[in-house]
Structure formats: C-alpha cells, structure tokens
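# Coordinate inspection notes
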Amino acid sequence: MRWSDLLRMSASSLKRRKLRTFLTVLGVVIGTASIVVMISLGLGLQQSMYEEVEQSGGTTSLTVTGQQGYGMGSVYIGVSGMEEEQSEKYITDDVIKELSALEHVRSAEPVINIQALGLKGNYEGYLDIYGMSPSALEDLHLELEPGGRLPDPDSPELELVYGNAVIMNFYDKNTGRGYWDGEMPDIDLQNDKIFLVLDQDTYYQSQSADVLAGSAADGSTGSDGSGGNTGGPQTARKHVVQASGVIAGGPEAYNANSYSVFCDITRLKEYLKKEFRGRAIPGQPTTKSGKPYSRFVYTSAKLQADDMENVEELSNTIRSMGYNVSSNIEYINAMKSQFAMVQAVLGGIGAVSLLVAAIGIANTMLMSIYERTKEIGVMKVIGCSLKNIGEMFLLEAAFIGLAGGLIGNILSLLMSAGINAVVSGSGMVSGGAGISYIPPWLMLLSMGFAVLVGMTAGFFPAMRAMKLSPLAAIRSE
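Please read all numbers here as calculations on a predicted model, not as lab measurements.

How each quantity is defined
Residues numbered from 1 in each chain as written. Predicted model: local features only at pLDDT ≥ 70, side-chain atom pairs only at ≥ 80, totals over all residues. Heavy atoms only, no water. Core = buried A, V, L, I, M, F, W, Y, C linked by side-chain atoms within 4.5 Å. Buried < 20%, exposed > 50% of the residue type's maximum accessible area, 1.4 Å probe, protein only. Helix = DSSP H or I, 4+ residues; strand = E, 2+ residues; numbered from the N terminus. Contact = heavy atoms within 4.5 Å. Salt bridge = Lys/Arg side-chain N within 4 Å of Asp/Glu carboxyl O. Polar contact = N/O pair within 3.5 Å; in protein donor to acceptor, adjacent residues only side chain to side chain. pLDDT = per-residue confidence, 0-100. Phe/Tyr/Trp six-rings, centres within 6.5 Å; stacked < 30°, edge-to-face > 60°. Lys NZ or Arg CZ within 6 Å of the ring centre and 35° of its normal. Pairing = 2+ DSSP bridges. Patch = residues over 30% accessible without salt bridge, like charges linked within 9 Å, V, L, I, M, F, W, Y side chains within 5 Å. Areas by Shrake-Rupley, 256 points an atom, 1.4 Å probe, with all protein chains shown as cover. Lys, Arg positive; Asp, Glu negative; His and termini not counted. Charge placed at Lys NZ, Arg CZ, Asp CG, Glu CD. Arc of directions from axis to C-beta.

Core analysis: the largest hydrophobic core is formed by 51 residues, its most contacted members being Val-64, Leu-99, Ile-129, Tyr-162, Leu-272, Leu-303 and Ile-318. With 5 residues, the top contributor of residues to this core is strand E4 (residues 105–120). Excluding residues within four positions of it along the chain, Ile-318 makes contact with Val-64, Leu-99, Leu-102, Leu-303, Tyr-323 and Val-325. In terms of nonpolar packing, the next biggest core, distinct from the first, is built from 19 residues, Ile-35, Leu-354, Ala-397 and Ile-400 among them.

This is how it looks when you write it as structure tokens:
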C-alpha cells in the first residue's frame, strides 16, 4: 500500500469521528501549551539575567577591588617607626596602569562609588553615585529617556544620569512621606536642578544645630545647658547639579542600574577634593593617626577582557596579585544551574498535562480498533501487510500529535504575549520587556515532542491491530 493511501485512510478515519478527535487534539493542545509557557517563563528569567549582565558590562567584564576592602584603613610600621601605607592593597592610579598592562586586558577603568544627599525644596533623598570614565559608561549600555545623554567629560559642571527608580528615594523632610507612602515627590529629575550634598556629616550636624538654636530661641535649654548654642555650626556646601539623562522606564521598572546615579569620574574627583580639602574623604582609607591616604583610592576597577574565553585566566592572574575579582561569567555560571532546575520543574508541571493527553490518544486509538475490527480484517484478507496496518494507526496518532502541537504553539504564543503585556503594563520591567520568552527552537522541539508522544501512545494500539486474526475480525459485528 502506498503512503498516499495510508495518509488518505488515516485522515478519513479521523474525520469520521470528529468530536472524539477534537477532544483528543484538545488534550494535546493544552499539554503542549502548558509545557511551552512554563518553560518560556524560565527562559524569560534567563533572558533577563543576560540583559542585566549586558547592563553591567557584558560577559567580558571583571570588577577588581582591594584585598582588604575599600574604605578600610591599612598601615604598617616601617623600620624607622613611621606609619606607612600599603598602597598595593588598594586600587590607585598606579594599580590601574598595572592592570591595563596585563595580557588579555582590553581596558581598565577606575570607579568611584560614594553616597551623597540630594535636596530639592522640601524633599531630600539618598543618592548612590558612581563616577566612571566615558568609555566605562558606554560599556554599561544605558538606555536613556528621549533627550537624555551620557555626562559630558568636558563640562565644567557635574552632570548626573539618574536611575529610573532614584525618585523613590526622595521624601518630604517635614512629613517624612515619600513614594512608598503613596506620595510621589514633586521632582522632575530630567529637568530640575537639585542641590548635591557630599559632606553629609557636616550637613546633619548643622541641621541638628539649627534645631537646637530654634529651641533656645523659644526659651528652652541649649546643648551646653546655658540656654543657647555656643559656637556657630559649620555649614555643608550645596552643589547645584543638573541631569544629563534619566534611565528609561517607570519608577517600578527594575533593572541593574535603577537605583544608581552616574557621573564623570574626573569631575567627581575634583568636587570631592575641593569639598574635603585637608580632610579625609568619607570612604577613603586613612592612616592610623587618621590622616588622609597619600594617593586617591578608587572603589574598584572595571576591566574588559579581550575575549570571554580569557576571563577565567585573567581572574586567576589578578587574584595572584592580591586583589579580589568578580566577573559576570562567574555570575552566569552560578545562575545557570539554578535556572536549569527552575526550567525542569516548570517543564515537569507542563509535562503532566501532555501525559494526560497521551493517555487520551491511546484511548482514542483503542476505541478506533474496536470500532474498525471488521475493516482491519478485510484489509488483511485482501493482502494488506501487517506493517501497513500498524503504520496507518501510527499515522493517525501522529496526526493528532501534530495538530495538537501546532495549535498548542499558537496558543502558547498568545498566552506569552498576554503575560508580557500584563507584566509590562504593570511597570515591573523596563523597556517593554517581559518575563515569558519563546525562542523558535522551543516551538519546533515542542511540536516534535507532541508528535513523538502521539506516536508512542498509538504504538500499542497499532500492535494490537496488527495481531488481530483476519477471520475473527471479519466475523465480528
């Protein structure tokens, strides 16, 4: 019997039992859609991780910090008894040059991370500021709101790029209410100028002194117990700064840089040195006597390797020099096993539905054999081979699997689009991204799997049809 005849007879048999075929295909549709959507959620999480890594410099990025940790003073007593500094344990300009000269290093850039205070009217908020070079900022691939740009390194003023969630850090000084209390701060970070306070200790001391002075003016006792505040408080300098851009996305659209503020590192160093002239900059290491470190110490160094394959070797080299190293590759490898487990669990949940569908296919095929016993006997008598009979029933099962897989994939695409639309509309992710991701290979794999499940479920009914006695089959009613 020719394959065209087998295909025609299989299709004709399925058409004769439309309702039963529809219900069986429906089971495969639900099973396929369940598997695809469940796995797509795991793939979506993995895709989000890759996007986050891209925002942190990509797979060739490494972060180098001092062995003793940034901000910790470290001195030793030399032969002369004088206090000396262990510069080799910190990230200085000399260390940046040394790292740049290493094999497989494409670039090495310093990074300064400080905490400052932003003031606008009655609002104040904490700012987590990162000073970086123009090339290092470009490596972050920041997606800015329309009209935004990266800080101009030639600008005499300190220009800031705000994370899209920074506005959530601001609150009303008088009421203490902010974004988390249901009150959106009346600040336009893109266009409003704000006051930047780098010396927070002096600022809060002056604020406390003002409160005490106010209490003394009302007749209350001052801090010295004499009814007034002795000595005028030192006032913290307030720098007027303007934004050059804001990262795209609403306040609740999280990304790796949502709560960060970026600026040019050269300009930030100038501001810090002027602000704390003659004093130790907060976070900078000091000698045992509390004196500022002789060289400017950076929070970290951002390195770019020439190739992803050389990241591990480069990490080991830098660790042997006495520095701490972390890389995005290490982060990806650590997360891959977790995502594989998540995808296995989600896929297993969806596979249960397809298992139920397989039982439905097997039941449909067995019922078809019972109903077509006489037809099978006639086919055997007229010379149809056992192989052709088995192939006919396997084709019917494969048709059910193929139809269910195809429709199930279409349904899964619609469900994925719906999930992403809801998530994107809620503002939980930025840039219109979603948490469900269906690559083409997943659709092809799921269709092939559905066909395989159908043929597996139809195998035993096909074997039963092949074993039927021709005479007994003809005599059956």
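Next, the rest of the story.
Counted according to the given criterion, the structure contains 5 salt bridges. Residue Arg-177 is joined to Glu-183 by a salt bridge in which the shortest nitrogen-to-oxygen separation is 3.5 Å. Looking at Arg-177, the relative accessible area reads 38%, which means it is partly exposed. Among the residues examined, Glu-183 registers a relative accessible area of 24% and is labelled partly exposed.

A word on the environment of Pro-110. Take Pro-110: it is sitting in strand E4. Its relative accessible area of 12% is what places Pro-110 among the buried residues. Sequence separation between Pro-110 and Thr-299 is 189 residues; the distance between their C-alpha atoms is 7.7 Å.

Restricting attention to buried positions, one finds in helix H6 (residues 265–275) the residues Ile-265, Arg-267, Leu-268, Lys-269, Tyr-271, Leu-272 and Glu-275. Those residues of H6 hidden inside the fold are in contact with helix H3 (93–100), E4, strand E5 (123–132), strand E9 (239–246) and strand E10 (260–264). Its side-chain oxygen at 3.3 Å from the backbone nitrogen of Thr-266, Asp-264 defines the N-terminal cap of H6.

This next bit is on the confidence of the model for the protein. Here the protein shows a mean pLDDT of 78. Residues at 70 or above account for 78%. In the predicted structure, residues 69–87 sits below a pLDDT of 50 and forms 44 contacts with residues beyond four places in sequence or in another chain. pLDDT under 50 marks residues 219–232. Its contacts with residues more than four places away, or in other chains, come to 13 contacts.

Before going further, it helps to examine the side chain of Asn-310. Residue position: Asn-310 is located in the loop between strand E11 (300–305) and helix H7 (311–320). In terms of polar contacts, Asn-310 uses its side chain to reach the side chain of Asp-306, at 2.8 Å.

What follows deals with the packing of aromatic side chains. Under the defined criterion, the tally for this structure stands at 4 aromatic pairs. Taking 5.4 Å as the distance between ring centres and 90° as the angle between the ring planes, the aromatic pair formed by Tyr-179 and Trp-180 counts as edge-to-face. Since its relative accessible area comes to 16%, Tyr-179 is described here as buried. The exposure class of Trp-180 is exposed, given its relative accessible area of 63%. Across the ring face of Phe-296, the terminal group of Lys-269 is positioned such that the distance to the ring centre comes to 5.2 Å.

To continue, consider the pairing of E9. Residues in a regular strand point their side chains to alternate faces of the sheet. Along E9, 6 of the 8 residues are buried, which leaves the element largely enclosed by surrounding structure. Sheet analysis places strand E8 (residues 194–197) next to E9, joined by 3 bridges and oriented antiparallel. Across the sheet, residue Ile-194 finds its bridge partner in E9, namely Val-241.

As a further point, take a negative patch on the surface. On the surface, a cluster of negative charge is contributed by Glu-103, Asp-306, Asp-307, Glu-309 and Glu-313. Here Asp-307 lies in the loop between E11 and H7.

Inspection of H3 places Val-95, Ile-96 and Leu-99 among the buried residues, and these make up the whole buried set. Buried residues of H3 fall within an arc of 105° about the axis and therefore sit on the same side. Contacts made by the buried residues of H3 are with strand E1 (61–65), E4, E11 and H7.

On to unusual backbone geometry. Of note in this structure, His-104 is not a glycine but carries a positive phi near 75°. Summarising the element assignment, His-104 is placed in the loop between H3 and E4. When its relative accessible area of 18% is taken as the criterion, His-104 is described as buried. Of note, His-141 is a non-glycine position whose phi angle comes to about 55°, a positive value. The topology assignment puts His-141 in the loop between helix H4 (134–139) and strand E6 (159–162). For His-141, a relative accessible area of 46% gives the class partly exposed.

Mapping Phe-195 onto the fold places it in strand E8. C-alpha separation for the pair Phe-195 and Glu-124, spaced 71 residues apart in sequence, amounts to 9.2 Å. Those residues in contact with Phe-195, other than ones at most four positions away along the chain, are Leu-117, Gly-118, Leu-119, Lys-238, His-239 and Val-240.

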